[in-house]
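For reference, the chains in residue letters:
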Number of protein chains: 4
Amino acid sequence: MGIRVAVAGASGYAGGELLRLIAGHPEFDLVAATAHSQAGQPVAAVHPQLAGLDVALSATDPAALADADLVFLALPHGQSAALAAALPEPVRVVDLGADHRLRDAVAWARYYGGAHAGAWTYGLPELPGQRTAIAAATRVANTGCYAAAVTLALAPLVAAGAVAPADVVAVAASGTSGAGRAAKAHLLGSEVMGDLSPYKVGAHQHVPEIKQATGAASLSLTPVLAPMPRGILATVTAVPTGAADPRAVLAEAYADAPFVHVLPEGTWPHTAATLGSNSCHLQATVDVDSGRVVVVSAIDNLGKGAAGQAVQNANLMLGLPETTGLPIFGVAP
Amino acid sequence: MGIRVAVAGASGYAGGELLRLIAGHPEFDLVAATAHSQAGQPVAAVHPQLAGLDVALSATDPAALADADLVFLALPHGQSAALAAALPEPVRVVDLGADHRLRDAVAWARYYGGAHAGAWTYGLPELPGQRTAIAAATRVANTGCYAAAVTLALAPLVAAGAVAPADVVAVAASGTSGAGRAAKAHLLGSEVMGDLSPYKVGAHQHVPEIKQATGAASLSLTPVLAPMPRGILATVTAVPTGAADPRAVLAEAYADAPFVHVLPEGTWPHTAATLGSNSCHLQATVDVDSGRVVVVSAIDNLGKGAAGQAVQNANLMLGLPETTGLPIFGVAP
Amino acid sequence: MGIRVAVAGASGYAGGELLRLIAGHPEFDLVAATAHSQAGQPVAAVHPQLAGLDVALSATDPAALADADLVFLALPHGQSAALAAALPEPVRVVDLGADHRLRDAVAWARYYGGAHAGAWTYGLPELPGQRTAIAAATRVANTGCYAAAVTLALAPLVAAGAVAPADVVAVAASGTSGAGRAAKAHLLGSEVMGDLSPYKVGAHQHVPEIKQATGAASLSLTPVLAPMPRGILATVTAVPTGAADPRAVLAEAYADAPFVHVLPEGTWPHTAATLGSNSCHLQATVDVDSGRVVVVSAIDNLGKGAAGQAVQNANLMLGLPETTGLPIFGVAP
Amino acid sequence: MGIRVAVAGASGYAGGELLRLIAGHPEFDLVAATAHSQAGQPVAAVHPQLAGLDVALSATDPAALADADLVFLALPHGQSAALAAALPEPVRVVDLGADHRLRDAVAWARYYGGAHAGAWTYGLPELPGQRTAIAAATRVANTGCYAAAVTLALAPLVAAGAVAPADVVAVAASGTSGAGRAAKAHLLGSEVMGDLSPYKVGAHQHVPEIKQATGAASLSLTPVLAPMPRGILATVTAVPTGAADPRAVLAEAYADAPFVHVLPEGTWPHTAATLGSNSCHLQATVDVDSGRVVVVSAIDNLGKGAAGQAVQNANLMLGLPETTGLPIFGVAP
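An unreviewed UniProt entry lists chain A under the name N-acetyl-gamma-glutamyl-phosphate reductase, from Micromonospora olivasterospora. Per UniProt, chain A has the following entry under Pathway (unreviewed entry): "Amino-acid biosynthesis; L-arginine biosynthesis; N(2)-acetyl-L-ornithine from L-glutamate: step 3/4." Under Sequence similarities (unreviewed entry), UniProt gives the following word-for-word description of chain A: "Belongs to the NAGSA dehydrogenase family. Type 1 subfamily."

Given below as structure tokens:
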């Protein structure tokens with residue numbers, strides 16, 4: 001008999017990807033998948049890709065969730081804290097929402113608003129020391145999707161002193177699933193196909209999270225919606241210090257990370273290669289005109305940017321090998 | 001130590017998908033992946049989604065392949081027969097090409113041309129009796145991609161006498177990976193995005209294969225290239241006899257088939273739900289105006305239409321459960 | 001001073017395309033663009049592609065519309081009849097909705113429901129005698145989008161006795177703009193990209209319209225949603241009588257039609273070539289296995305399938321050359 | 001009788017768009033459309049969107065081109081100079097290639113290589129004084145596509161002293177038509193759909209052109225291939241001086257430019273709104289964390305980035321209003 005896991009918020013895109021990963025995980029038994037307006041429906045009615053999975057969505061009931069060994073919270077931002085508080089301490093929790101990511105209450109207030117629920121252990125295992133911290137935690141705050149892509153590109157460079165922490169400039173484009181499943185006119189297929197569209201320009205809520213995780217002192221992040229369902233491509237530029245070769249720093253930092261691949265020199269990451277996987281692809285160079293370091297990272301926003309990352313954290317929290325049940329390879333073309 | 005498998009023609013799209021499935025297969029060890037012009041390159045240079053897979057492509061050498069327990073041939077049509085003939089009989093072979101699908105030499109000559117290599121056991125396990133035949137065979141001819149989609153929709157209806165074998169009309173649209181990886185101007189992204197484009201209208205080479213596999217006596221098949229990398233949606237219409245309810249016939253025929261899902265009434269298949277999986281989704285109804293039966297099937301052309309199907313056949317040939325290492329669930333959205 | 005035109009329902013996709021065509025029309029002056037919930041907004045806030053067009057949406061007021069020489073109604077189905085009744089007879093009206101297309105009240109009740117508003121002159125100028133009828137009419141019912149694509153492919157063949165009127169089978173795939181601009185979850189970009197999805201299988205409301213317009217006696221029409229914003233590709237098959245060569249019949253029928261192009265033999269229509277234009281591309285052949293005639297037609301569903309067609313009708317009603325202000329050439333790639 | 005124009009290099013994507021614009025231009029008569037390997041073919045065989053245009057491609061013959069009043073050169077980079085040299089001086093020439101854009105021979109050698117053909121009048125009418133210069137020129141070098149997007153966003157800010165000329169960082173994503181029509185495996189639809197892919201990272205050839213046109217002293221430009229046929233979205237960030245409000249500077253600079261639209265505050269440009277047009281949409285803000293100015297510009301790479309720009313230049317050279325025959329509004333959705 002396996003480890004009992006549950007998903008709260010199973011009707012959204014991250015929830016659906018969690019169900020897919022859990023169904024293929026050799027150690028996990030799904031004991032509950034909860035939703036709000038769609039409670040009572042078969043999972044496959046909400047996630048047609050899971051046809052054949054004989055599970056129904058149930059209402060979000062803390063008592064039912066408390067019966068699990070580990071609960072994934074894939075709720076809209078701001079709704080995790082209350083539910084998590086209702087789960088007894090031995091129940092491990094991975095929160096895919098933003099509620100418990102930020103240590104700085106001022107930054108929370110500025111970018112999210114409302115009461116600050118306090119920070120949990122930050123769920124990016126590839127940061128120094130973080131695997132150990134996650135393994136010891138019962139509550140883990142999963143990364144934001146843009147935050148995962150930018151932090152993996154940047155954190156080792158700041159830590160190694162290879163780039164200045166100030167004046168980091170990032171532009172990151174995401175597939176539309178990152179905008180969620182709520183029916184909004186500007187997210188209709190007719191609108192997004194054939195279109196690149198920037199949003200939250202000048203003030204994206206992942207900025208304080210990335211600064212906290214990387215040590216960057218100043219960050220301009222411009223997010224762009226791209227005409228594809230999944231994937232994030234982040235272009236991160238910073239001013240090099242000359243103290244170390246950026247690509248070598250990245251290669252060294254991730255030498256033992258099974259999901260982070262610094263590509264061979266001259267090969268650049270692209271999002272399609274990560275689709276469906278928990279991998280992050282990285283490459284770096286120095287711009288000949290400006291002298292800036294340019295790092296590009298690619299992830300699947302529902303994989304390493306959400307559900308895959310969450311399962312990786314869960315594996316660590318439960319004492320399993322971190323790769324258990326997680327695809328390293330993408331589905332392409 | 002696992003079962004030794006090899007892939008000939010590993011640089012194409014079906015070859016890449018085979019490598020992905022083999023990498024995730026708990027019983028298979030990849031012993032060779034061969035290619036023509038790209039021999040010598042690391043697999044990940046040719047298939048970026050396989051970054052982290054430490055295998056190089058080798059030249060196509062029958063001696064090297066003969067060392068495997070089972071060889072997948074993912075070669076251009078017309079190139080399998082010679083290579084297969086060079087592999088000793090104990091080596092099991094699954095041919096993803098068309099060379100050994102047709103029993104009728106005249107049909108071969110008409111649609112493919114050149115010498116007819118003769119027919120092998122037909123690799124569609126869901127046809128009556130075919131699981132047993134495949135399990136007993138050492139040489140299996142995998143289905144064509146359109147053939148898989150149309151045959152799964154049609155064969156049980158003809159067999160049950162629920163539709164007339166004459167006057168079947170099918171229109172099937174495919175993602176572009178079905179057209180292969182050779183660089184052709186009409187397959188450029190600039191051309192195919194935003195575009196639906198019919199081709200081989202009036203004479204597609206899968207017609208005789210479908211007629212052979214289903215018992216249809218007459219078939220109009222119009223293939224359409226659709227703006228997506230993967231997926232086939234086949235709309236198959238036929239004249240009902242009134243002898244049986246079409247949907248019930250399909251549900252009965254596939255009750256024990258792990259990869260074929262007749263959806264709940266009123267729910268229609270769509271291709272994205274099958275992406276990356278070996279599943280086929282089906283639904284049927286009767287058109288109110290014409291009285292025709294309309295069956296729609298959706299598959300991933302590289303999954304149930306090629307590499308997934310091939311692994312399913314290999315599993316059967318090797319005495320493994322047919323689902324071993326094969327995803328039932330799609331990657332969506 | 002030009003001809004005064006107005007658009008009711010200007011906030012939808014067909015409405016936006018009407019505004020674009022009117023802005024480029026050398027004889028039309030836009031005097032009103034009305035909308036429901038978005039009244040008061042600048043047009044460019046609703047249709048960003050019209051940035052620079054200094055017009056605001058107003059509330060739908062029959063008195064304001066009555067001031068125009070011609071009014072385009074681009075309202076949801078069922079809302080045209082009441083508004084049209086409030087416009088005095090000298091005001092010419094082109095209704096892009098379905099309200100006045102069907103002569104048969106029983107068919108109306110079956111496919112649309114509600115009171116039957118009665119039929120207006122049918123707005124497909126390429127049908128025999130229809131240019132004259134449209135020129136003489138003050139009220140014209142624009143075609144449905146699928147109806148335009150299928151009728152242009154089929155009508156001359158039935159009229160010439162080249163195909164049997166019974167047993168016509170059509171599968172037609174449309175870009176997502178055909179599904180309208182209302183925010184619905186299944187039309188989100190995340191859902192439709194990479195996906196082909198059939199809908200209203202077995203009972204589409206354009207069936208009686210196509211039968212009325214073509215003389216077909218029986219029609220199976222399966223619509224499919226395709227991953228592109230615009231375009232319809234219709235594959236129409238029918239049983240030939242042998243009385244005439246299908247392609248020659250089409251070429252003859254449209255020899256003088258400026259917007260219908262029967263392509264050179266062997267060249268097949270594809271939707272991207274018609275984007276943004278009012279053109280229809282056609283080709284026909286006979287299927288070698290089934291002997292059926294296969295005709296493929298491609299249009300832009302917002303062009304020849306809606307707004308372009310409407311302007312063409314308006315030109316005829318107003319005594320202008322039918323091509324005035326209408327693009328014949330598509331925007332590609 | 002109209003102005004006689006010719007297109008050399010008519011078989012590529014920019015060439016096709018030129019032919020479309022010329023066909024709709026009220027003053028232009030097309031007297032020659034030349035191509036290399038496809039000479040002799042009807043235009044519609046090469047550009048299916050031009051079905052109905054009764055013109056054949058001819059071989060590239062300077063004598064034939066010399067008969068025109070104005071010649072558009074849409075040749076691969078490096079091939080314009082020789083052909084232009086063979087055209088007598090009274091024949092006006094707009095070169096869509098890079099050959100005559102750069103004044104700096106060292107920069108030419110560094111980014112393009114080969115002999116430097118020398119600079120012509122730079123074809124961006126919206127730069128200060130440039131309309132007059134273009135009107136007086138017989139030879140004009142059209143902008144690069146990325147250069148048009150970035151320069152329109154940046155030039156007024158540098159000129160006004162609103163941003164520092166050093167440390168400009170731009171990330172610009174382009175539709176695939178920008179990569180041309182040559183059949184290359186990495187540009188196949190199967191590869192590019194669902195994918196974002198950076199290229200020429202750290203050293204793009206438009207960098208010196210943008211620096212020359214804007215006065216920027218240092219520029220990091222990262223280009224990304226996006227899954228759509230057309231459109232460029234450029235995100236340009238720079239360090240503000242505080243001397244002027246960036247958005248106000250842009251609005252002032254383009255107050256009289258018919259094709260450049262600084263959108264209402266809070267509305268951000270997106271590429272689909274510019275498809276098929278010669279317009280550029282702009283917006284600017286200041287990033288709350290970094291204090292950088294962020295300007296986003298959107299164009300159609302074949303419109304304002306190539307063929308539309310070329311026709312605008314031609315209009316000016318020929319004494320026509322610059323908007324003649326050019327669409328301001330995009331084709332959307």
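> When you look at helix α11 (residues 303-317) of chain C in this model, what are you seeing that I'm missing?
Within an α-helix, residues lying three or four positions from one another point in the same direction, as the helix has 3.6 residues per turn. Residues and elements named next belong to chain C. Along its 15 residues, α11 runs just 18 Å from first to last C-alpha, ending more than 12% under the 21 Å computed at 1.5 Å per residue. At Q309, α11 is deflected by roughly 50°, the largest bend along its length. Of all the 15 residues making up α11, 15 are buried; the element is thus mostly covered by neighbouring parts of the structure. Phi turns positive, to about 75°, at G319, one or two residues after α11.

> Is there a simple way to think about the UniProt feature "active site" (unreviewed entry) in chain A in this case?
Residues and elements named next belong to chain A. According to UniProt, the positions carrying the feature "active site" (unreviewed entry) are C145. Along the polypeptide, C145 turns up in helix α7 (residues 145-159). A relative accessible area of 16% places C145 in the buried class. Beyond its immediate stretch of four places on either side in the chain, C145 contacts H206, I232, I299, N301 and G305.

> Quick question: what am I supposed to make of the domain arrangement of chain A here?
By a widespread convention, an interface's size corresponds to the accessible area lost as its parts come together. Residue and element names in this part refer to chain A. With domains assigned, chain A is organised as domain 1 (3-142 + 306-318) and domain 2 (145-299). If you average the C-alpha positions of domain 1 and of domain 2, the two centres end up 24 Å apart. Its largest share of buried area at the contact with domain 2, domain 1 owes to Y13, Y111 and E126, together 31% of the area lost on that side. The residue R230 makes a salt bridge to E17 at a minimum N-O spacing of 2.7 Å. Taken together, the links from domain 1 to domain 2 amount to 11 residue pairs in polar contact (both at pLDDT 80 or more). At the level of elements, α1 (13-23), α5 (105-111) and α11 (303-317) are the ones that each hand at least two residues to the side of domain 1 that touches domain 2. Its residues assigned to classes, the side of domain 1 that touches domain 2 comprises nine nonpolar, six polar and seven charged.

> Help me understand the confidence of the model for chain A, please; the structure alone is not making it clear to me.
Any residue range with low pLDDT should be treated as having predicted coordinates unsuitable for detailed reading. When pLDDT is averaged along chain A, the result is 97, and 100% of the positions lie at 70 or above. With a pTM of 0.98, the predicted complex shows an ipTM of 0.97.

Conventions we followed
Residues numbered from 1 in each chain as written. Chains lettered and ligands numbered in written order. Predicted model: local features only at pLDDT ≥ 70, side-chain atom pairs only at ≥ 80, totals over all residues. Heavy atoms only, no water. UniProt positions renumbered as here; feature names shortened; annotations may be inferred. Helix = DSSP H or I, 4+ residues; strand = E, 2+ residues; numbered from the N terminus. Expected span 1.5 Å × (residues − 1). Bend = angle between axes of the 7 residues up to and from the residue. Buried < 20%, exposed > 50% of the residue type's maximum accessible area, 1.4 Å probe, protein only. Contact = heavy atoms within 4.5 Å. Domains from an automatic or database assignment. Buried area = accessible area lost by both parts, 1.4 Å probe. Salt bridge = Lys/Arg side-chain N within 4 Å of Asp/Glu carboxyl O. Polar contact = N/O pair within 3.5 Å; in protein donor to acceptor, adjacent residues only side chain to side chain. Nonpolar A, V, L, I, M, F, W, Y, C, P; charged D, E, K, R; others polar. pLDDT = per-residue confidence, 0-100.

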